[in-house]
Amino acid sequence: MAEGREVTYLVLVNSKSGGQDGPQLLEKFREMASQPPPQGLKGEVVSLTDPRPDGTGVLGPRPGLEKFKGTRNLRVIACGGDGTVGWVLSEIDNVIWSEHGKPPIAIIPLGTGNDLSRSLYWGGRYKDKPIQKVLHDVEMANIEPMDRWKLDLTATNDGEKHSKARDDIPPQIRVFNNYFSLGIDAHIALQFHNARNANSDKFTSRTRNLLFYGLEGGKDLVVHKWRHLMDNVKIVCTLLDGSRVDLTERLRNYGAHALLFLNIRSYSGGARPWKQKSGAQSANDGLVEVIAMDNVDLALLNIGGTGESVCQAKKVEIETSRAVPMQVDGEPLLVNPFKMNIEFFNSADMLTKKKTSYPYRDPEVEEWAARKIQSSFKTYKNQKSINSTSSARVGQLS
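Being a predicted model, the structure only gives us computed values, none of them experimental.

(A) Quick look at the pairing of strand 16 (residues 338–352). Of the pairings in the sheet, the one linking strand 5 (residues 142–155) to strand 16 comprises 14 bridges and is antiparallel in character. Along strand 16, the bridge assignment pairs Thr-154 with Lys-339. As defined by bridge partners, strand 13 (residues 315–320) adjoins strand 16 across five bridges and the pair is classed as antiparallel. Considered in strand 16, the bridge of Ile-318 is made with Met-340.

Here is the structure:
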């Protein structure tokens, strides 16, 4: 909470996220920022994808962060997908902050997966919540630290290389906030990435994107493309007590098609692959969850399935002997044989949404709340009608 001091908001909008939601949200925030206090927004609204004044690329988060680096009680609102949030976090690392420290970050989810937003209770997708209510939620949110993990990769000359693979990880994704993975899930993401780049006009909606993922995942149930992943991957984990455990043979025996290193609770659009009975999961415990998944595990994730919870590690060492696909917070790439260490990088302050009532009279907020109640009631009535019809049919059959 803001402890009684007036909050300054830096709103960073990726207007290319979320179809039409991004531009509409940007317009709403700009309209509020143009109004005088107290109805207006104190701070600034930035479109991250606007061109720089010198024409050398897009504006990005950096100028806004630099402008407000000495501001007390600053709260940053990142509007976009998980990639946008990662972009903002990486730029925050590059700014020299005043004695007030780094600002905490809230999220308005506009992307496809939005797993970090889900983990922090901001939801899976922004719809039509009034901006005044959004700002109130951000002001009242709790500040919680979140671990971030660095990927230290060194290319090796041994093993099987691929002509389309690279020998390094781009600098902007050498730190992950959500997860890092190897294997079939990264392969599917890479197929999607390549298809979208080749036919961008066919990937214009969230529904089409999810359909592509579903079809590619279905193919792997038959083809088993990465069923021999562990023949080309060696993995050693350092546990909390300092012991080093070679997990390669265990994972080979399991038949892992994918290895997932998870920092937050949510993965792949809201799935929860870690089994809670294997250990309490936290984004600020200095441990990353190591999870193995075969093709069936992946198919069942979004209907409540889990993977094989292997361990919780404070360091992971990986070595590959052929080019393998990987994902860093949803960014896929194919990488030639390498050695890699995964270790703690730093901690970021994130804003966690909590349930609060809106204390002011506002016609827009009241209308929105009324629509939500009406929609919930209609859903309840429809479900009750379906259940009654089903029960009647069962009675007739018996």
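Once you've had a look at it, read on.
(B) Local environment of unusual backbone geometry. For Tyr-121, which is not a glycine, the phi torsion comes out positive at approximately 70°. Locating Tyr-121 in the fold gives a position in the loop between helix 4 (115–119) and helix 5 (131–140). Positive phi outside glycine occurs at Asp-329, with the angle close to 50°. Within the secondary structure layout, Asp-329 lies in the loop between strand 14 (324–328) and strand 15 (331–335). On the basis of relative accessibility, which here comes to 13%, the residue Asp-329 falls in the buried class.

(C) View of the packing of aromatic side chains. Counted under the stated rule, the structure contains four aromatic pairs. These aromatic residues form a ring-pair network of at least three members: Phe-176, Phe-180 and Phe-261.

(D) Inspection of the pattern of salt bridges at higher detail. By the definition in use, this model includes 17 salt bridges. Two residues, Glu-44 and Lys-67, come together in a salt bridge whose shortest N-O distance is 2.4 Å. Of the two residues, Glu-44 is situated in strand 2 (residues 43–47) and Lys-67 in helix 2 (residues 62–67); the sequence distance between them amounts to 23 residues. Accessibility expressed as a relative area gives 23% for Glu-44, which makes it partly exposed. Measuring nitrogen to oxygen at the nearest pair gives 3.4 Å for the salt bridge that ties Lys-102 to Asp-93. When its relative accessible area of 38% is taken as the criterion, Lys-102 is described as partly exposed. Within this structure, Arg-62, Glu-66, Lys-69 and Glu-91 form a network of salt bridges that share partners.

Calculation rules
Residues numbered from 1 in each chain as written. Predicted model: local features only at pLDDT ≥ 70, side-chain atom pairs only at ≥ 80, totals over all residues. Heavy atoms only, no water. Pairing = 2+ DSSP bridges. Helix = DSSP H or I, 4+ residues; strand = E, 2+ residues; numbered from the N terminus. Buried < 20%, exposed > 50% of the residue type's maximum accessible area, 1.4 Å probe, protein only. Phe/Tyr/Trp six-rings, centres within 6.5 Å; stacked < 30°, edge-to-face > 60°. Salt bridge = Lys/Arg side-chain N within 4 Å of Asp/Glu carboxyl O.

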